[in-house]
Amino acid sequence: MRVLLIEDDKKIVSALTKGLKGESYAVDSAYDGLKGEELAKVNDYDVIILDIMLPRQDGWRTCENLRRAKVTAPILMLTALDDVDDKIKGLDTGADDYLAKPFHFGELLARIRSLTRRHSEVKTTSVELYGLKLDLNTHRAFRNGKDISLTSKEFALLELFMMNPDKILSRSDISEHLWDMNFDPKSNVIESFVKYLRQKIDKEFDKPLIHTVRGAGYIFSENKH
């Protein structure tokens, strides 16, 4: 998944970026409200983490402008303010959730998971298709009951496939959700991760689930392509 972090404290940005990347999120960052608004309007993010006290344009105005521009990504407001009136103002401008500093990183992750499930209409903590099951909380995968060990990026890629069954995902679709704006479109990193994932979920089973659609991308399906 791809996250936009709009926060002017560079130490917080550095710490959160490191933590989120460790959970296999792609992270873009902006240090002021106007730059954050610009990025949110041109890129497809799964979650926007938005501080309130920002230079050039505060978080309330940024959130309001994004909703007026029909940006529908879930917005989690992140601030040192813990006043009820500030929370109400944030929610009234279009935010989906509110988290006051200081906070535990685990709680931030839980809020992100909750927002993305709500936004995608996936209400459960697991996804199961074609004998393959993902536990979204523990990041464990099983096929026909067999435990499959995945890296965080492999899990994120498999989750993206399973959230879009029988749908062709182009390299652009995959990079937009799993890599940040510094991703080199000429690299073969996506092909490499698809190869690694196939070796783990398809190699020892009779029916492959990840298929290459020549000239178009990849598709997660139990049918041949």
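Preceding this paragraph is the structure being described.
Below or above, wherever it landed, is the structure these notes cover. Keep in mind it's a predicted model, so treat the numbers as computed, not measured.

**Considering the overall build of the protein**
1) Next: Per the secondary structure count, the protein includes eight helices and eleven strands.
2) Next: By the compact-globule yardstick of 17 Å for 225 residues, the protein fits well, its C-alpha radius of gyration being 19 Å.
3) Next: Viewed in the frame of its principal axes, the protein has a C-alpha envelope of about 60 × 35 × 30 Å.
4) Next: Put simply, the protein has 225 residues, and 47% of those count as buried.
5) Next: Contacts in the protein between residues at least 24 apart in sequence constitute 56% of all its contacts with a sequence separation of at least 6.

**Thoughts on the environment of Ser170**
1) Next: Position of Ser170 relative to the elements: it lies in the loop between helix H6 (152-163) and helix H7 (171-178).
2) Next: Sequence separation of Ser170 and Tyr218 is 48 residues, and the distance between their C-alpha atoms is 6.4 Å.
3) Next: Among all residues touching Ser170, those that are not within four sequence positions of it are Ala216 and Gly217.

**Let's talk about the packing of helix H2 (residues 33-42) against helix H3 (residues 59-68)**
1) Next: Two elements in contact, H2 and H3, have axes separated by 9 Å at closest approach and are oriented at 20°. With respect to each other, H2 and H3 are oriented roughly parallel. The way H2 lies across H3 gives a crossing that is right-handed. Taken together, the residues of H3 that come into contact with H2 (itself represented by Gly33, Glu37, Ala40 and Lys41) are Thr62, Asn65 and Leu66.
2) Next: A breakdown of the residues in the contact of H2 with H3 according to their chemical character gives two nonpolar, three polar and two charged.

**Regarding the sheet that holds strand S9 (residues 146-148)**
1) Next: As summarised here, the arrangement of the four strands in space is S6-S7-S8-S9, forming an open sheet in which the pairing is antiparallel. Each edge of the open sheet carries a strand with a single partner, namely strand S6 (126-129) and S9. The average angle at which neighbouring strand axes cross in this sheet is 20°, direction not considered.
2) Next: When strand S7 (residues 132-135) meets strand S8 (residues 140-143), the two strands line up antiparallel, connected through four bridges.

**Thoughts on the pattern of salt bridges**
1) Next: For the structure on display, the rule yields 15 salt bridges.
2) Next: Between Arg2 and Asp28 there is a salt bridge, with its nearest N and O atoms 2.7 Å apart. Taken together, the residues span a long stretch of sequence, with Arg2 in strand S1 (residues 2-6) and Asp28 in strand S2 (residues 26-30) at a distance of 26 residues. Of the two residues examined, Arg2 and Asp28, each falls in the buried class.
3) Next: Each of the salt bridges in this network shares a partner with another, and the network as a whole consists of Glu7, Asp51 and Lys101.

What counts and how
Residues numbered from 1 in each chain as written. Predicted model: local features only at pLDDT ≥ 70, side-chain atom pairs only at ≥ 80, totals over all residues. Heavy atoms only, no water. Helix = DSSP H or I, 4+ residues; strand = E, 2+ residues; numbered from the N terminus. Rg over C-alpha atoms; globule rule 2.2 N^0.38 Å. Buried < 20%, exposed > 50% of the residue type's maximum accessible area, 1.4 Å probe, protein only. Contact = heavy atoms within 4.5 Å. Axes fitted to C-alpha atoms, helices over the stretch in contact; angles between N-to-C directions. Parallel < 35°, antiparallel > 145°, perpendicular 65-115°, else oblique. Left-handed = near helix turned anticlockwise from the far one by under 90°. Nonpolar A, V, L, I, M, F, W, Y, C, P; charged D, E, K, R; others polar. Pairing = 2+ DSSP bridges. Salt bridge = Lys/Arg side-chain N within 4 Å of Asp/Glu carboxyl O.

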